[in-house]
Amino acid sequence: MGTATLITFIIYLLGMLGIGFAAYKMTSNLSDYVLGGRRLGPSVAALSAGASDMSGWLLLGLPGAIYAAGLGEAWIGVGLAIGAYLNWQFVARRLRVYTEVANDSITVPDYLENRFHDNSHILRVISALVILLFFTFYTSSGMVAGAKLFEASFGLSYTQALWIGAIVTISYTFLGGFLAVSWTDFVQGILMFAALIAVPIVAITEIGGWDATMNAVGNIEASNLNMVSGVGMLAIISSMAWGLGYFGQPHILVRFMALRSPKDVPKARFIGVTWMVLGLYGAIFTGLAGLAYINSQDVGMLSEFGITLINENGVQMLDDPEKVFIAFSQVLFHPVIAGILLAAILSAIMSTIDSQLLVSSSALAEDFYKAIFRKQATERELVWVGRIAVAGIALIAVMLAQNPDSTVLELVSYAWAGFGAAFGPIIILSLFWKGITRNGALAGMIVGAVTVVVWADFLSGGIFDLYEIVPGFILNLIVAILVSLAGPKPSKEIIASFEEASRR
Amino acid sequence: MEEFALTGATWFWLFVPMPILILLSVITLFTERSE
């Protein structure tokens, strides 16, 4: 790792801390700390939603999957893009309006309690517990990915890389809360976008253009270029089903709630969807171009960066497919640009971790501390409880990430399915159907979560290899509707709020 | 070296659904603004 690359990188880290400090100056109460006081403009909200959603997977896992197995791995991109679009189209505006009508709710558990006038706190407590459980593992997996990456690139030990990344992320999140997380997400989202556009364009140009790239990839293995034949229907449905998860991801939903105005949704949707689709294309073509480039060019210098090459049936391949983006950044670009491209990968990882940390912190500060234990707490006290919660949850995640071979990486698809199946149908029904009741929401949520666990852990083979989000989502929806219809109708006050939210 | 290109079905699934989403977000940018 050259000095120029390192300096670029340190400037990036200092920039993030600077943003955290600026946000600290603008944070005075709990609503500021967990929702930015609903002050996000459309472009910050859009890129913050995108960058929080897209983890290091967009620059490591997806290009790696395409590199290793060809275009048959692109279906998940199609599914995710459709899900993100539908979320912006159908959930964003209504959730922004209804959370304000419902007693100015600032977290997802807060919204659920206020939407159903649930004085028992049971919806709030269960949903806050689900958030704390899944996000602790989810953030931990991001830390493992980040530490592995920078251990190799900077010659640090795994533990050193883990702590440096964690301390920077915790610092700006601790200080500046939601505004720090959203503004850093905005910068990180721009870095990710620029990197994902630049790398495949330069790579394909170096190879000799689009047709030359296709020929080179096809000559390695023709099936690499086929998205349809040889890919099973169950695999396609499972990949596309990732898109079902969006309606229940708290770290994305709060971006809708934090918008300055519901009128900003169309503009934010256009920015968010364009950012995501072009980013996904960038990742897919980086993987394809990698196949052609690594096999045909002299890339021996990669060993200096901890990247090993292997020979597979006469084809020169990367030993670790997920390093295809990093390999390009080192062989195609000036060291300063390589530093920016590496910062873009760290951006993808950090922008997801920080948002999940803050949502977890809000579950403790708003949904347990303020709602249940200290109803009279001052705003200053609540902000500090939020800060301590950020540090505490992050430290637990760091502890879970101590082992680089840890199984937390496998828990991401599980957490995504858990949120998608437990919260997704309830968010949609609560926004669109006035007949849903507290008991319907509670029963649906529990059935959705249990289905995900049982399907993933205890059933296998045949149809049970389908991604667990599908049965979880469907059963939650059915149970929530049936239980709501079977019990007493919602109160007049609840119906009045629903109609108020529908009118705005 | 043999010549290769994307098949029709692959070309369709790779280059039709995702750009349509951008197109829809452009259309609704104008239709929803006027409400």
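Residues numbered from 1 in each chain as written. Chains lettered and ligands numbered in written order. Predicted model: local features only at pLDDT ≥ 70, side-chain atom pairs only at ≥ 80, totals over all residues. Heavy atoms only, no water.

Undergrad: Is there a simple way to explain the overall build of chain B in this structure?
TA: A tally of regular secondary structure across chain B gives two helices and zero strands. Across the 35 residues of chain B, 31% fall into the buried class. Of the accessible surface of chain B, which amounts to about 2400 Å², a share of 69% is contributed by carbon and sulfur atoms. (Helix = DSSP H or I, 4+ residues; strand = E, 2+ residues; numbered from the N terminus. Buried < 20%, exposed > 50% of the residue type's maximum accessible area, 1.4 Å probe, protein only. Areas by Shrake-Rupley, 256 points an atom, 1.4 Å probe, with all protein chains shown as cover.)

Undergrad: Sorry if this is basic, but what is going on with helix α9 (residues 210–220) of chain A here?
TA: Counting along an α-helix, one turn takes 3.6 residues, and residues three or four places apart therefore face a common direction. Inspection of α9 of chain A places Thr213, Met214, Asn215, Ala216, Val217 and Gly218 of chain A among the buried residues, and these make up the whole buried set. If you follow the buried residues of α9 of chain A, they end up packed against α8 (158–207) and α12 (265–296) of chain A. (Contact = heavy atoms within 4.5 Å.)

Undergrad: Any chance you could explain the packing of aromatic side chains here in plain terms?
TA: The relation between two aromatic rings is expressed through the spacing of the ring centres and the mutual angle of the planes. All names here are of chain A. Evaluated as defined, the whole model comprises 24 aromatic pairs over all chains. Put simply, the rings of Phe134, Phe135, Tyr138, Tyr414, Phe419 and Phe423 touch in pairs and so form one group of aromatic residues. Sitting over the face of the ring of Phe116, Arg115 holds its NZ or CZ atom 5.0 Å from the ring centroid. Its end group placed over the ring of Trp384, Arg387 keeps NZ or CZ at 4.7 Å from the ring centre. (Phe/Tyr/Trp six-rings, centres within 6.5 Å; stacked < 30°, edge-to-face > 60°. Lys NZ or Arg CZ within 6 Å of the ring centre and 35° of its normal.)

Undergrad: Which parts of the structure should I look at to understand the side chain of Thr139 of chain A?
TA: Mapped onto the secondary structure, Thr139 of chain A falls in helix α7 (residues 122–154). Those residues in contact with Thr139 of chain A that sit more than four places away from it in its chain are Ile353, Gln356, Leu357 and Ala397 of chain A.

Undergrad: In this structure, what is going on with the layout of surface pockets? I would like to understand it.
TA: Left-over empty space is what a probe sized like a water molecule reveals as it rolls over the atoms. Residue and element names in this part refer to chain A. Its volume calculated, the largest pocket comes out at about 970 Å³. What lines the largest pocket is a set of 38 residues, among which Ser55, Gly56, Trp57, Gly61 and Glu322 lie closest to the centre. Broken down by secondary-structure element, the contributors of at least two residues to the lining of the largest pocket are α4 (61–69), α5 (75–101), α7, α10 (233–240), α14 (335–373) and α16 (412–432). The leading source of residues in the lining of the largest pocket is α7, at six residues. (1 Å grid on protein atoms, 1.4 Å probe; cavity = no way out; pocket = protein on both sides within 12 Å on 5 of 7 lines; lining within 4 Å. Points joined across faces, edges and corners; volume = space filled by probe spheres on them.)

Undergrad: Sorry if this is basic, but what is going on with empty space enclosed by the protein here?
TA: Residue and element names in this part refer to chain A. For the structure on display, the rule yields three cavities of 30 Å³ or more. Space inside the largest cavity adds up to approximately 100 Å³. For the largest cavity, the lining is made up of 13 residues, of which Gly50, Asp53, Ala84, Trp88 and Met276 are closest to its centre. Among the secondary structure elements, those contributing two or more residues to the lining of the largest cavity are α3 (42–53), α5, α11 (250–257) and α12.

Undergrad: For this particular structure, what's the right way to read the interface of chain A and chain B?
TA: Interface size, as often reported, equals the accessible area lost upon joining of the parts. Counting from both sides, the interface comprises 31 residues of chain A and, opposite them, 23 residues of chain B. Summing the contributions of chain A and of chain B, the shared interface buries around 2500 Å²; its carbon and sulfur component is 74%. For the pair chain A and chain B, the number of links is zero salt bridges. Those elements giving two or more residues to the side of chain A that touches chain B turn out to be α5, α9 and α12 of chain A. Sort the elements by how many residues they give to the side of chain A that touches chain B and α12 of chain A lands first, with 11 residues. The class makeup of the residues in the side of chain A that touches chain B is 22 nonpolar, seven polar and two charged. (Buried area = accessible area lost by both parts, 1.4 Å probe. Salt bridge = Lys/Arg side-chain N within 4 Å of Asp/Glu carboxyl O. Nonpolar A, V, L, I, M, F, W, Y, C, P; charged D, E, K, R; others polar.)

Undergrad: I tried to follow the side chain of Thr286 of chain A on my own but got confused; where do I start?
TA: Turning to its location among the elements, Thr286 of chain A is positioned in helix α12. A distance of 2.7 Å separates a polar side-chain atom of Thr286 of chain A from the backbone oxygen of Gly282 of chain A. (Polar contact = N/O pair within 3.5 Å; in protein donor to acceptor, adjacent residues only side chain to side chain.)

Undergrad: Any chance you could explain the pattern of salt bridges here in plain terms?
TA: If the charged atoms of two oppositely charged side chains come close together, the side chains can form a pair. All names here are of chain A. Per the stated rule, a full pass over the model turns up 12 salt bridges over all chains. For Glu100, the salt bridge goes to Arg96, with nearest N and O atoms at 3.1 Å. On the criterion of helical spacing, the pair formed by Glu100 and Arg96 is a turn pair, its members being four residues apart in helix α5. You can call Arg96 buried: its relative accessible area is 3%. Here Asp110 makes a salt bridge to Arg124, at a shortest N to O gap of 2.9 Å. In this pair, Asp110 sits in helix α6 (residues 108–115) while Arg124 sits in helix α7, placing the two residues 14 residues apart along the sequence. Three or more residues are tied together by salt bridges with common partners; here these are Asp110, Glu113, Arg124, Glu366, Asp367 and Lys370.

Undergrad: Can you walk me through the packing of α5 of chain A against α10 of chain A in this structure?
TA: The relative placement of two packed helices comes down to the angle between their axes together with the axis-to-axis distance. Residues and elements named next belong to chain A. Look at α5 against α10: their axes get within 7 Å of each other, and the N-to-C directions meet at 40°. In terms of crossing hand, the pair formed by α5 and α10 is right-handed. When α5 is examined against α10, the residues Trp75, Ile76, Val78, Gly79 and Ile82 are found in contact with a partner set consisting of Ile236, Ser239 and Met240. When its residues are assigned to classes, the contact of α5 with α10 shows six nonpolar, two polar and no charged. (Axes fitted to C-alpha atoms, helices over the stretch in contact; angles between N-to-C directions. Left-handed = near helix turned anticlockwise from the far one by under 90°.)

Undergrad: Please clarify how the environment of Tyr67 of chain A should be interpreted in this entry.
TA: By the secondary structure assignment, Tyr67 of chain A is in helix α4. In sequence terms Tyr67 of chain A and Met317 of chain A are 250 residues apart; their C-alpha atoms lie 9.3 Å from each other.

Undergrad: So what exactly am I meant to see when it comes to a nonpolar patch on the surface here?
TA: Residues and elements named next belong to chain A. A cluster of nonpolar residues, Leu234, Ile446, Val450, Val453, Val454, Phe458, Leu459, Ile463 and Phe464, forms a patch on the protein surface that exposes about 720 Å² of accessible area. Top contributing element to the nonpolar patch by residue count: helix α17 (residues 438–457), with four residues. Within the secondary structure, Val453 is located in helix α17. The class for Val453 is partly exposed, based on a relative accessible area of 32%. (Patch = residues over 30% accessible without salt bridge, like charges linked within 9 Å, V, L, I, M, F, W, Y side chains within 5 Å.)

Undergrad: Please clarify how the packing of α8 of chain A against helix α15 (residues 379–400) of chain A should be interpreted in this entry.
TA: Residues and elements named next belong to chain A. Where α8 contacts α15, the axes come no closer than 9 Å and their chain directions differ by 165°. Relative to α15, the element α8 lies roughly antiparallel. Between α8 and α15 lies a crossing whose hand is right-handed. Seen from α8, the contacting residues are Leu162, Trp163, Ala166, Ile170, Thr173, Phe174 and Leu175; seen from α15, they are Trp384, Arg387, Ile388, Val390, Ala391, Ala394, Leu395, Val398 and Met399. Residue classes in the contact of α8 with α15 are distributed as 14 nonpolar, one polar and one charged. (Parallel < 35°, antiparallel > 145°, perpendicular 65-115°, else oblique.)

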